[in-house]
Amino acid sequence: MTDPKPITSLLIANRGEIACRIIRTARAMGIRTVAVYSDADAKALHVRQADEAVHIGPSPARESYLVGERIIAAAKATGAEAIHPGYGFLSENADFAQSVIDAGIIWVGPNPDSIRAMGLKDAAKERMIAAGVPVTPGYLGSDQSPERLAAEAAAVGYPVLIKAVAGGGGKGMRRVDDPSDFADALVSCQREAASSFGNTQVLIEKYILSPRHIEVQVFGDTHGNVVHLFERDCSLQRRHQKVIEEAPAPGMDAATREAICAAAVKAAKAVDYVGAGTIEFIADASEGLRADRIWFMEMNTRLQVEHPVTEEITGVDLVEWQLRVASGEVLPKRQEELSINGWAMEARLYAEDPTTGFLPSIGRLVSLDLYDDSARVDTGVEEGSEVSPFYDPMIAKVIVHDEDRGGALRALASHLEIARVWPVKTNKGFLVRLLQSQDVQDAKLDTGLIERNFATLTQRPSLSARTLSDASAWLLRDSSDFNRLVTGLTGFRVNRNDTARQRMQVDGQSVAFEYDPTPPGSRFEHGFADLQIDGSQFVQVEGDIFEIRWDRSDGGLAHGAAADGAILSPMPGRIIAVEVAAGDVVTKGQKLVTLEAMKMEHSLTAPFDGTVAELTAVDGGQVSEGAVLVRLTAADAA
Ligand code: ADP
């Protein structure tokens, strides 16, 4: 064994928040940093933070961040001694790790053999069974005939999960509840596995009811030492993707923790693990966390997205440990020197729109403030950055640390609630509602929680007349329009007790409300009172952001129609007026239907000149959000 020699220069084969995260520690250790970047990332934060940066290709990751030779060439050209892969991209690619080593560069990660051993889910499970680690009951055999797989599924007992052995990122999995659905699910799982991973091999697992995702952070060095850094709970998932992570796991007693952490260390030792790794377990939490109901699921042979919660409770900088271990040092701490302090929680803030099924929302972050002075914010963007369509649209990870779980929950929710991100849509309001939901507060977690409460969690709150009054007053406070507003209102007198009908645009929809002239409260001290872009006022309610404009047209805005001319109900409510009939010729801006919802009127107007092709709205009828009320054909299309 050679003597440890500190790494003095490091290339980070990644982008975004994780590249920035690694640069931060490397810099603190006095290590020179080299970034790599694609066309889309020429002005990215990680490029500016690094000491040097090398362009490695066009925007698609396949042509840049995933091209191993370019990355190794960049390391050679800049004299970087070591390569840190971050997570995703090439981090779990054993061939890449091997070529880094073959090029005489230090690979900040486990041996390629350990990556291979854990790379395929079936081989990994075999290995764990041999090492005495409990694994989820199931079938791992090489006989992949549909008949055999169906017979094994029946033997395991329904519900079962079909998993692609090469799967990852929640892809290539199918839950099957009924034997009659097995054949179809198998075909579709294999199809996805073929296109995503080029490997159709599957395994069958018992589908765990009330499943909780518990994972253990492990760390090994080149001297044969392995320690664990306790567990994280990542049960709050949407489509098998983690949304909120916390450490420690709620309801974990000392004996259970001891058992699963010991199993994790055993698992890591079984593959001679070096560096940072995570052993993922699945727990049947129907009767709380019990050591005999927690099974090995897989190992991630890299640093995890959610590593900060472990750092917060242990006080360990995991990237620093990675770099020390890669240079040959002994692990900085022994097991008995590690302990849990307080509670940490992380939320993944994404540029995605919960109201459209979480489609990515790309574009410029015109306004961005994540209050990083009072929480840990790991991000790769800043105000003015672009969220590009080429990569994962994560904006930031917001991480809080508190004495207990209640404190961490409150701190995280209030941080997200006031964070300012515009005009890119985010999952902020969704995260706030999730953190404030009763089950999460009570730590009644399981991986299906989000799915079960999907409608409530994705429902944007309605704005009260009070909020709209405040917003309009703020919007017009310094403006000569204020007089126009005042004189334009029917029955408006400068009498504090008076109210008047008022109309504003909320996210492009005309909304009528009773104007309340009492002065705004303190609610605008946080958030958006001071933020006006292009004459719009921004209001945050429960973490959701609304754009409010003074409605000058009175007819509403020429928005609100889907591309096919369908006018949809923006929220659940009751139709209180239908102003057109089928076949009517309408002009742009003409009122079609008025909806009453949450004591407010919303007029939906024609977005273009045309003809009423279809009229589904009925006076007095109840409608759900997204219901088609009217369908128009454009005049020029007729
Ligand atoms: P991937 O490699 O795609 O991340 P995993 O095997 O780690 O796949 O599983 C991802 C998620 O799927 C888990 O966090 C858990 O929510 C769910 N899951 C996996 N296996 C089971 C199972 N046997 N029963 C119930 N849920 C499971």
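Thresholds, definitions, all that
Residues numbered from 1 in each chain as written. Predicted model: local features only at pLDDT ≥ 70, side-chain atom pairs only at ≥ 80, totals over all residues. Heavy atoms only, no water. Helix = DSSP H or I, 4+ residues; strand = E, 2+ residues; numbered from the N terminus. Buried < 20%, exposed > 50% of the residue type's maximum accessible area, 1.4 Å probe, protein only. Contact = heavy atoms within 4.5 Å. Areas by Shrake-Rupley, 256 points an atom, 1.4 Å probe, with all protein chains shown as cover. Pairing = 2+ DSSP bridges. Axes fitted to C-alpha atoms, helices over the stretch in contact; angles between N-to-C directions. Core = buried A, V, L, I, M, F, W, Y, C linked by side-chain atoms within 4.5 Å. Polar contact = N/O pair within 3.5 Å; in protein donor to acceptor, adjacent residues only side chain to side chain. Near = heavy atom within 4 Å. Parallel < 35°, antiparallel > 145°, perpendicular 65-115°, else oblique. Nonpolar A, V, L, I, M, F, W, Y, C, P; charged D, E, K, R; others polar. Salt bridge = Lys/Arg side-chain N within 4 Å of Asp/Glu carboxyl O.

1. A closer look at the overall build of the protein chain
Reasoning step 1: The secondary structure content of the protein chain amounts to 18 helices and 36 strands.
Reasoning step 2: When burial is assessed residue by residue, the protein chain has 55% of its 638 residues classed as buried.
Reasoning step 3: Within the protein chain, residue pairs in contact and separated by at least 24 positions form 65% of the contacts whose partners lie at least 6 positions apart.
Reasoning step 4: Total accessible area on the protein chain is roughly 26,500 Å²; 49% of this is exposed by carbon and sulfur atoms.

2. A closer look at the sheet that holds strand E3 (residues 52-57)
Reasoning step 1: The five strands lie next to each other as E3-E2-E1-E4-E5, forming an open sheet whose pairing is parallel. The strands lining the two open edges of the sheet, one partner per strand, are E3 and strand E5 (106-107).
Reasoning step 2: In terms of strand pairing, strand E2 (residues 32-38) meets E3 through five bridges, oriented parallel. Residue pairing in the sheet places Val-36 in a bridge with Val-54 of E3.
Reasoning step 3: Helix H1 (residues 16-28) rests against strand E1 (9-12), E2 and strand E4 (82-84) of the sheet, and its axis sits at about 175 degrees to E1.

3. A closer look at the side chain of Asp-378
Reasoning step 1: Residue position: Asp-378 is located in strand E20 (residues 376-379).
Reasoning step 2: Of the residues examined, Asp-378 reaches a relative accessible area of 5% and is grouped as buried.
Reasoning step 3: Aside from chain neighbours lying at most four places away, what touches Asp-378 is Glu-17, Arg-21, Arg-24, Pro-308, Ala-396, Lys-397 and Ile-399.

4. Topic: the nonpolar core
Within soluble globular proteins, side chains that are nonpolar tend to cluster in buried spots.
Reasoning step 1: Counting 38 residues, the largest nonpolar core has Ile-244, Met-345, Leu-370, Ile-395 and Leu-434 as its most contacted members.
Reasoning step 2: Only strand E12 (241-247), strand E15 (343-350), strand E22 (394-402), helix H12 (405-418), helix H13 (428-436) and helix H15 (449-452) provide two or more residues apiece to this core.
Reasoning step 3: In this view, Leu-370 contacts Leu-349, Val-377, Ile-395, Ala-396, His-415, Ala-419 and Val-421; residues no more than four positions away in its chain are not counted.
Reasoning step 4: Within the second largest apolar cluster, 32 residues are counted, among which are Ala-19, Phe-219, Leu-303 and Val-319.

5. Structural notes on the sheet that holds strand E13 (residues 275-284)
Whenever strands of a sheet pair, they do so through backbone hydrogen bonds, lying parallel or antiparallel.
Reasoning step 1: The antiparallel open sheet is built from eight strands, whose spatial order is E14-E13-E10-E11-E12-E15-E22-E20. Looking along the sheet, the strands with just one partner apiece sit at the ends: strand E14 (294-300) and E20. The sheet shows a mean angle of 25 degrees between the axes of neighbouring strands, taken without regard to direction.
Reasoning step 2: Both E15 and E22 contribute to a ladder of eight bridges, which runs antiparallel.

6. Let's talk about the side chain of Arg-376
Reasoning step 1: The residue Arg-376 is located in strand E20 in this model.
Reasoning step 2: Classification of Arg-376 as buried rests on a relative accessible area of 17%.
Reasoning step 3: A polar atom in the side chain of Arg-376 sits 2.9 Å from the side chain of Glu-311.
Reasoning step 4: Filtering out sequence-adjacent residues up to four positions away, Arg-376 remains in contact with Arg-21, Arg-24, His-307, Pro-308, Glu-311, Glu-312, Lys-397, Val-398 and Ile-399.

7. Details of the site of the ligand
Reasoning step 1: Among the 22 residues in the neighbourhood of the ligand, the closest are listed as Lys-121, Gly-170, His-213, Gln-237 and Glu-298.
Reasoning step 2: Within the contact set of the ligand, an oxygen atom lies 2.7 Å away from a side-chain nitrogen or oxygen of Glu-298.
Reasoning step 3: Notes on the ligand: free accessible area 550 Å², of which the protein chains cover 96%.
Reasoning step 4: Those elements that place two or more of their residues in the shell around the ligand are strand E7 (160-164), strand E9 (202-206), E13 and E14.

8. What to know about the packing of helix H5 (residues 112-119) against helix H6 (residues 121-131)
When two helices pack together, their arrangement is given by the angle between their axes and by how far apart the axes lie.
Reasoning step 1: At their nearest, the axes of H5 and H6 sit 5 Å apart, and the two run at 100 degrees to each other. The orientation of H5 with respect to H6, classified from their angle, is roughly perpendicular. Contacts between H5 and H6 involve Ala-117, Met-118 and Gly-119 from the former and Lys-121, Ala-123, Ala-124, Arg-127 and Met-128 from the latter.
Reasoning step 2: A class-by-class count of the residues in the contact of H5 with H6 yields five nonpolar, one polar and two charged.

9. Let's talk about the pattern of salt bridges
Reasoning step 1: Within this structure, the stated rule accounts for 46 salt bridges.
Reasoning step 2: For Arg-116, the salt bridge goes to Asp-95, with nearest N and O atoms at 3.0 Å. Taken as a pair, Arg-116 in helix H5 and Asp-95 in helix H4 (residues 94-102) lie far apart in primary sequence, 21 residues in all.
Reasoning step 3: According to the relative accessible area criterion, Arg-116 is partly exposed, its value standing at 41%.
Reasoning step 4: Put simply, Lys-163 and Glu-205 hold a salt bridge, and the shortest N to O gap is 3.1 Å. Of this pair, Lys-163 sits in strand E7 while Glu-205 is found in strand E9, placing the two residues 42 residues apart along the sequence.
Reasoning step 5: Residue classification places Lys-163 among the buried residues on the basis of a relative accessible area of 3%.

10. Thoughts on the pairing of E22
Reasoning step 1: The buried count for E22 comes to seven of nine residues, which makes it a mostly enclosed element.
Reasoning step 2: Summarising the sheet, E20 and E22 pair through four bridges and their orientation is antiparallel. If you follow Asp-378 over to E22, its bridge partner there is Lys-397.

11. Concerning the environment of Ala-77
Reasoning step 1: Mapping Ala-77 onto the fold places it in helix H3 (residues 68-78).
Reasoning step 2: Judged by relative accessible area, Ala-77 falls into the exposed class, the value being 69%.
Reasoning step 3: Sequence spacing of Ala-77 and Val-54 is 23 residues, and the spatial spacing of their C-alpha atoms is 9.0 Å.

12. Looking at unusual backbone geometry
Reasoning step 1: A cis geometry characterises the amide bond from Ala-247 onward to Pro-248, with omega recorded as -5 degrees.
Reasoning step 2: In this fold, Pro-248 is placed in the loop between E12 and helix H9 (254-270).
Reasoning step 3: Here the amide bond leading from Trp-422 into Pro-423 is cis, since omega sits at 0 degrees, within 30 degrees of zero.
Reasoning step 4: Looking at where Pro-423 falls in the secondary structure, it is placed in the loop between strand E23 (420-422) and H13.
Reasoning step 5: Unusually for a residue other than glycine, Tyr-371 sits at a positive phi of about 50 degrees.
Reasoning step 6: Inspection of the secondary structure assignment puts Tyr-371 in the loop between strand E19 (367-369) and E20.

13. Observations concerning the environment of Cys-20
Reasoning step 1: Along the chain, the position of Cys-20 falls in helix H1.
Reasoning step 2: Take Cys-20: its relative accessible area is 7%, and that puts it in the buried class.
Reasoning step 3: Sequence separation between Cys-20 and Thr-379 is 359 residues, and the spatial gap between their C-alpha atoms is 7.2 Å.
Reasoning step 4: When residues no more than four places from it in sequence are discounted, the contact partners of Cys-20 are Leu-45, His-46, Gln-49, Thr-379 and Gly-380.

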